[in-house]
Amino acid sequence: MTVLLYEEFGTGRHRESSLIRHALGNSHDEALVAGLAGGIGFMYFVFEYPQRPPVATIVAQAHPEPWVQVALGRLHVPYDATRSTKPRWGRVRAALDEGQPVFCVVDRASLPWHEAVAPMPGADAYTVVIAGYEGDDLFVEDGAAAPYRIDREEFGAAWSAHPTARHQLVVPTGPAEAEPDVDGAVAATVTRLTGPVLGNEFDVNFGFSGMDRLAADLRDAETAAGWEQRFGASPAAFRTATRRLCASLEEEWTAPGATRPLYADFLDLAGRPEAAGLFRESGRYWSELAALTRSAAPEAGAAERRTLFDACAELVDRCAALERDAVEVLAKQTTAP
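Remember, it's a predicted structure, so these values are computed and weren't measured experimentally.

Caption draft 1: How the structure looks around helix α11 (residues 273-294). Over its 22 residues, α11 runs 31 Å from end to end, which matches the ideal 32 Å to within 8%, given 1.5 Å per residue. Where α11 is buried, its residues meet β2 (40-47), α6 (182-194), α7 (207-219), α9 (235-250), α10 (260-269) and α12 (302-333).

Structure (C-alpha cells):
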C-alpha cells in the first residue's frame, strides 16, 4: 500500500516555509508562514578548526528558535512534539495513516541526496517532512520537485545522527484554532535584532551587534580576527570565505536577499508597509553584497581583497542602518507579547 499525503512539492523562496505550507495543505501564504516563524534574524560566527580554512557562517533567518514549532504555534495549529531514544516507526506510520505529515530533524550530510554536502559547523538542525510511505520505504520532502524515496533504515541513520534533536517528531494534529499571532511575531523580530538573544556572551554575534561585528571584521586588516588575516592567507581560504558569505545570504538557512524581501512581503500582509519598504531595500543591498562575493576571483591579490572587504563592510553598514530604522518603526507599532 502506498500512502502519500499531498502532491505538491518543491521550494518557493524559502525551504522550511514551503515544507510547512505543503504539510498544512497550502492553506497559508509562504510569506505569512515565514513571518510567523520569525522571518529574519542575524547570526555571525567564524569557526576555526585544525587543518582546514576558517568557516564564516551567517544565519540570516530567525534563529535559534525551532522554525516549525514557532510557525505552528503562531498559526495556532495544534501539534504533537516528542523525542525518543530510538526511531518511533509505529508513531510515524500511525500519523501518516491519519493524514498527518511528520516533521523530523536529521543530519543533512547523512541523507544520500546530500552526500556531497559537507556538514556546516554550527549549523541549525535540518528539518525534512515524511509525507508518505510504501512498505518500508519513506517519501521525504526536502525542497525538490518530487519527494525522495528512501529506505526506512537509511533514513533512520540520518535521523539518529543529529546530536541535539535525535528522533524528534513534530506532527500537526488539527486545523488552526485561532487567527495567526502577527503582532507576537513582529515583536519577536524586534527583540531578536536588538537583543539579547541568548542571554550570554555570544549575544555580541547576534542581531545588530552581529552586523556591526561583521563590518568591523571585514575592515580589520591588522588583527587575527580580521578577514584580511583569516581569509587572505591562501586562495583556498579566500574562496571558502566568499562562497560561504554568498551562500549564507542567498541560499542556505535563508531566502534570497538574507530573507529580507520575503519578510517585507509578510509585513505588507501584516499592514506595516513603511517597515516593509525599508527591509525590502535592505534585502537589495544584501543581495548586492552576495553578488560581489560570488564574482570574487580566488586568486585575488591583496589590493583586490582589501577593496572587496571594504565594499562589503559598507554594504553591511547600509543594511544595518535601514534595518535599525525599520525596527524603530515596528517597535512603535507593536506591543510586545
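Caption draft 2: Spatial organisation of the nonpolar core. One finds Ile20, Trp227, Phe266, Leu267, Phe279 and Trp286 to be the most contacted residues of the largest nonpolar core, which totals 78 residues. If one sorts the elements of this core by residue count, α12 sits on top with 13 residues. When sequence neighbours within four positions are dropped, the list of residues in contact with Phe279 reads Ile40, Leu193, Arg260, Tyr263, Ala264, Leu267, Glu323, Ala326, Val327 and Leu330. Among the nonpolar cores identified, the runner-up in size contains 27 residues, and Met43, Phe45, Tyr133 and Phe155 belong to it.

Caption draft 3: Up close: the environment of Asp137. Tracing the backbone through its elements, the reader meets Asp137 in strand β7 (residues 137-141). Taking the relative accessible area as the measure of exposure, Asp137 reaches 21% and is therefore partly exposed. A polar atom in the side chain of Asp137 sits 2.9 Å from the side chain of Arg149.

Caption draft 4: Main features of the environment of Arg239. Assignment of secondary structure puts Arg239 in helix α9. On the basis of relative accessible area, Arg239 is assigned to the partly exposed category, the value being 30%. Considered as a pair, Arg239 and Asp325 are 86 residues apart in the sequence and their alpha carbons are 33 Å apart.

Caption draft 5: Representation of the packing of aromatic side chains in the model. Taken as a whole and judged by the stated rule, the model has 14 aromatic pairs. Between Trp113 and Tyr148, the aromatic rings sit 4.1 Å apart at their centres with planes inclined by 5 degrees, giving stacked as the arrangement. Within this pair, whereas Trp113 is found in the loop between β5 (102-106) and β6 (126-134), its partner Tyr148 is found in strand β8 (residues 148-151), the two being separated by 35 residues in sequence. Under the relative-accessibility criterion, Tyr148 is labelled partly exposed at 26%. Between Tyr263 and Phe279 the ring centres are 5.5 Å apart and the planes differ by 85 degrees, which places this aromatic pair in the edge-to-face class. With a gap of 16 residues between them, Tyr263 in helix α10 and Phe279 in helix α11 connect regions that are remote in the sequence. Since its relative accessible area comes to 0%, Phe279 is described here as buried.

Caption draft 6: Representation of the environment of Arg21. Residue position: Arg21 is located in helix α1 (residues 15-23). Classification of Arg21 by relative accessible area gives partly exposed; the value is 25%. Along the sequence, Arg21 and Ala145 sit 124 residues apart, while their C-alpha atoms lie 14 Å from each other. If sequence neighbours within four positions are ignored, Arg21 has contacts with Glu8, Asn26, Ser27, His28, Asp29 and Glu30.

Caption draft 7: Highlighting the packing of α11 against α12. One can describe the packing of α11 onto α12 by two numbers: an axis separation of 9 Å at closest approach and a directional angle of 165 degrees. The orientation of α11 with respect to α12, classified from their angle, is roughly antiparallel. Helix-helix and strand crossings are classified by hand; for α11 and α12 the assignment is left-handed. Its residues placed into classes, the contact of α11 with α12 shows 18 nonpolar, two polar and six charged.

How each quantity is defined
Each chain has its residues counted from 1, running along the sequence as written. Local features in this predicted model are restricted to residues whose pLDDT is 70 or higher, and side-chain atom pairs enter the listing and the counts only when it is 80 or higher, whereas totals over whole chains, interfaces and linings include all residues. To get the side-chain values, take all heavy atoms of the structure and skip hydrogens and water. Helix numbering and strand numbering both begin at the N terminus, where a helix is a DSSP run of H or I of at least 4 residues and a strand a DSSP run of E of at least 2. In this analysis, the expected span of each helix is defined as 1.5 Å times one less than the number of residues it contains. We call two residues in contact whenever any of their non-hydrogen atoms come within 4.5 Å of each other. For our purposes a nonpolar core is just a set of buried Ala, Val, Leu, Ile, Met, Phe, Trp, Tyr and Cys residues, chained together by side-chain atoms within 4.5 Å. Relative accessibility decides the category of a residue: with a 1.4 Å probe and only protein chains considered, values under 20% of the type maximum give buried, values over 50% give exposed, and everything between is partly exposed. Polar contact criterion, stated in full: a pair of N or O atoms within 3.5 Å, where within protein one must be able to donate a hydrogen and the other to accept it, and residues adjacent in sequence count only if both atoms are side-chain atoms. A pair of aromatic rings is counted whenever rings of Phe, Tyr or Trp (Trp by its six-membered ring) have centres within 6.5 Å, and the orientation is called stacked for planes under 30 degrees apart, edge-to-face for over 60 and tilted otherwise. What counts as an axis is a line fitted to C-alpha atoms, over the stretch in contact for a helix, and the angles between N-to-C directions run from 0 to 180 degrees. Roughly parallel refers to an angle under 35 degrees, roughly antiparallel to one over 145, roughly perpendicular to one between 65 and 115, and oblique to any angle outside these ranges. Each helix crossing is assigned a hand: it is left-handed if the near helix lies turned anticlockwise from the far helix by less than a right angle, otherwise right-handed if that turn is clockwise. Under the scheme applied here, ten amino acids are nonpolar (Ala, Val, Leu, Ile, Met, Phe, Trp, Tyr, Cys and Pro), four are charged (Asp, Glu, Lys and Arg), and all others, including Gly, are polar.

Honestly, it's all geometry; don't read function into it.
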